[in-house]
Structure formats: structure tokens, C-alpha cells
Amino acid sequence: MTFAGSLENKGISTVEHRMSRKNRVPLADRVARAAEAALAARHVVSAIDILVGIGWLDPEAAERWRRGQIECLEAGVRTNLPRISEAMKLFRSWATARGLSASETAYVDRTPQRRRLRFSRSGNPAIEASYRTHWVSSELSEKERERLAEKASRAPSNRIMI
């Protein structure tokens, strides 16, 4: 008898078994994996990297937000606010435990108006600042950190190439 068959004999579907709390990867581990992947790839990690990396934010939804088509980033996240808050706390703890440097970054939309993008439903300044903070590798030189911070804060170009 297969594993799935033995579960079904006990009245448990394989979908229920896969989704049970016992079998889920803890959120702290998922956050750490997403952060480590972003840090390895770019030497910097953002809240967006975490939300995309753990599967709560579709990259296309993030892009619509960057174009000003979604009012706030949290509106595109596929979980509730307490879970988002928990993930962001875990992310900050992970970053500080690794000695990463915090660097607040400006986010503006990709429209001619260059409006400041909003992350949270509430618009709370402390929450907004937390989302805007990028965590930069301590392995980078001061000059490289400044270059990354400048690049991240630069408004995207609206030029269209034909």
C-alpha cells in the first residue's frame, strides 16, 4: 500500500496531510532561506525579497505596485496582516543577528509623477520605514554600500526604447 493510500484509509486526504501544521516549514526558516538567497545574489535584502521569497507576494503584483496600480504593497500580499508583521519581525531579527547594515531606501512609482509608494494599509510611518529598510552585507566596502543605496533610491526610468 502507498503512503497516500494508507492516509486515505485513516480518513486523511494527501492534501490535508501535506498542509497540516506539523509538516509546514516554520516561518522563521522560510524567512531565513529567502533572506539568504537574496543576500547571496545581491549583497542586500529587502522586505519585498522576503515576501516574494516565501511565496506571499507574486512578483507581478509587486511590479503592479511599483507602477502605481496597487494602492499599497500589503494589498498584493496573500496573507493576513498579523502574519506579515510576524515575518517582518523575523526578518529584522535575522538581519541584525548577521550584522547587516540597515539602509532606508526611497520607493517611488514608475509613473511620470514619481509618487512615493505606500507599503502598508495603515500608512503608519514606523511600518513604512520598516518596509523601506534594506539590509546590506557587512562584507561590502563603504563605497559599495553607498553605491547600492544610491542605486536602490534612484527613481526608475520611464524612457521607452523603440
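You'll find the structure just up there.
Below, the structure is looked at part by part.

Conventions adopted
- Residues numbered from 1 in each chain as written.
- Predicted model: local features only at pLDDT ≥ 70, side-chain atom pairs only at ≥ 80, totals over all residues.
- Heavy atoms only, no water.
- Helix = DSSP H or I, 4+ residues; strand = E, 2+ residues; numbered from the N terminus.
- Buried < 20%, exposed > 50% of the residue type's maximum accessible area, 1.4 Å probe, protein only.
- Contact = heavy atoms within 4.5 Å.
- Areas by Shrake-Rupley, 256 points an atom, 1.4 Å probe, with all protein chains shown as cover.
- Polar contact = N/O pair within 3.5 Å; in protein donor to acceptor, adjacent residues only side chain to side chain.
- Pairing = 2+ DSSP bridges.
- Axes fitted to C-alpha atoms, helices over the stretch in contact; angles between N-to-C directions.
- Expected span 1.5 Å × (residues − 1).
- Arc of directions from axis to C-beta.
- Core = buried A, V, L, I, M, F, W, Y, C linked by side-chain atoms within 4.5 Å.

1. Digging into the overall build of the chain
Here is step 1 of the chain: Within the chain, the regular secondary structure consists of 8 helices and 3 strands.
Here is step 2 of the chain: Order of helices (α) and strands (β) in the chain, N terminus to C terminus: α-α-α-β-α-α-α-β-α-β-α.
Here is step 3 of the chain: In the chain, buried positions account for 34% of the 162 residues.
Here is step 4 of the chain: Summarising the internal contacts of the chain: among those between residues at least 6 apart in sequence, 64% fall at separations of at least 24.
Here is step 5 of the chain: As presented, the chain carries roughly 10,100 Å² of accessible surface, and 53% of it is formed by carbon and sulfur atoms.

2. So, the environment of His-43
Here is step 1 of the chain: When you line up the elements, His-43 lands in the loop between α3 (27-42) and β1 (44-45).
Here is step 2 of the chain: Exposure remark for His-43: the relative accessible area of 35% places this residue in the partly exposed category.
Here is step 3 of the chain: Separated by 93 residues in the primary sequence, His-43 and Val-136 place their C-alpha atoms 6.0 Å from one another.

3. Focus: the side chain of Ser-120
Here is step 1 of the chain: With respect to the helices and strands, the residue Ser-120 is situated in the loop between β2 (101-104) and α7 (125-132).
Here is step 2 of the chain: The class of Ser-120 is buried, set by a relative accessible area of 0%.
Here is step 3 of the chain: Within polar-contact distance, the side chain of Ser-120 engages the backbone nitrogen of Gly-123 at 2.9 Å.
Here is step 4 of the chain: Apart from residues lying up to four places away in sequence, Ser-120 is in contact with Cys-72, Glu-74, Ile-127, Glu-128 and Tyr-131.

4. Considerations on the sheet that holds β2
Here is step 1 of the chain: Taken together, 3 strands build an open sheet; the order of strands is β1-β3-β2 and the sheet is antiparallel. Every other strand in the sheet has two partners, leaving β1 and β2 as the edge strands with one partner each.
Here is step 2 of the chain: The pairing of β2 with strand β3 (residues 133-136) spans 4 bridges and is classified as antiparallel. Looking across to β3, one finds that Ser-101 is bridged to Val-136.
Here is step 3 of the chain: Against the sheet, helix α6 (residues 81-97) engages β1 and β3, with an angle of about 30° to β3.

5. Structural notes on α3
Here is step 1 of the chain: Along its 16 residues, α3 runs 22 Å from first to last C-alpha, staying within 8% of the 22 Å computed at 1.5 Å per residue.
Here is step 2 of the chain: What α3 keeps buried is the set Leu-27, Val-31, Ala-32, Ala-34, Ala-35, Ala-38 and Leu-39. Considered in projection along α3, the buried side chains sweep an arc of 165° and stay on one side of the axis. Along α3, the residues that are exposed and aim more than 90 degrees away from the buried face are Arg-33, Ala-40 and Ala-41.
Here is step 3 of the chain: Residues of α3 that are buried sit in contact with β1, α4 (47-53) and α6.
Here is step 4 of the chain: Looking one or two residues beyond α3, the residue adopting positive phi is His-43, at roughly 65°.

6. Some points on the nonpolar core
Here is step 1 of the chain: If you look at the biggest cluster of nonpolar residues, it comprises 33 residues, and the most contacted ones within it are Ile-50 and Trp-94.
Here is step 2 of the chain: Those elements giving two or more residues to this core turn out to be α3, α4, α5 (59-66) and α6.
Here is step 3 of the chain: In this view, Trp-94 contacts Ala-32, Ala-35, Glu-36, Leu-39, Val-45 and Leu-100; residues no more than four positions away in its chain are not counted.

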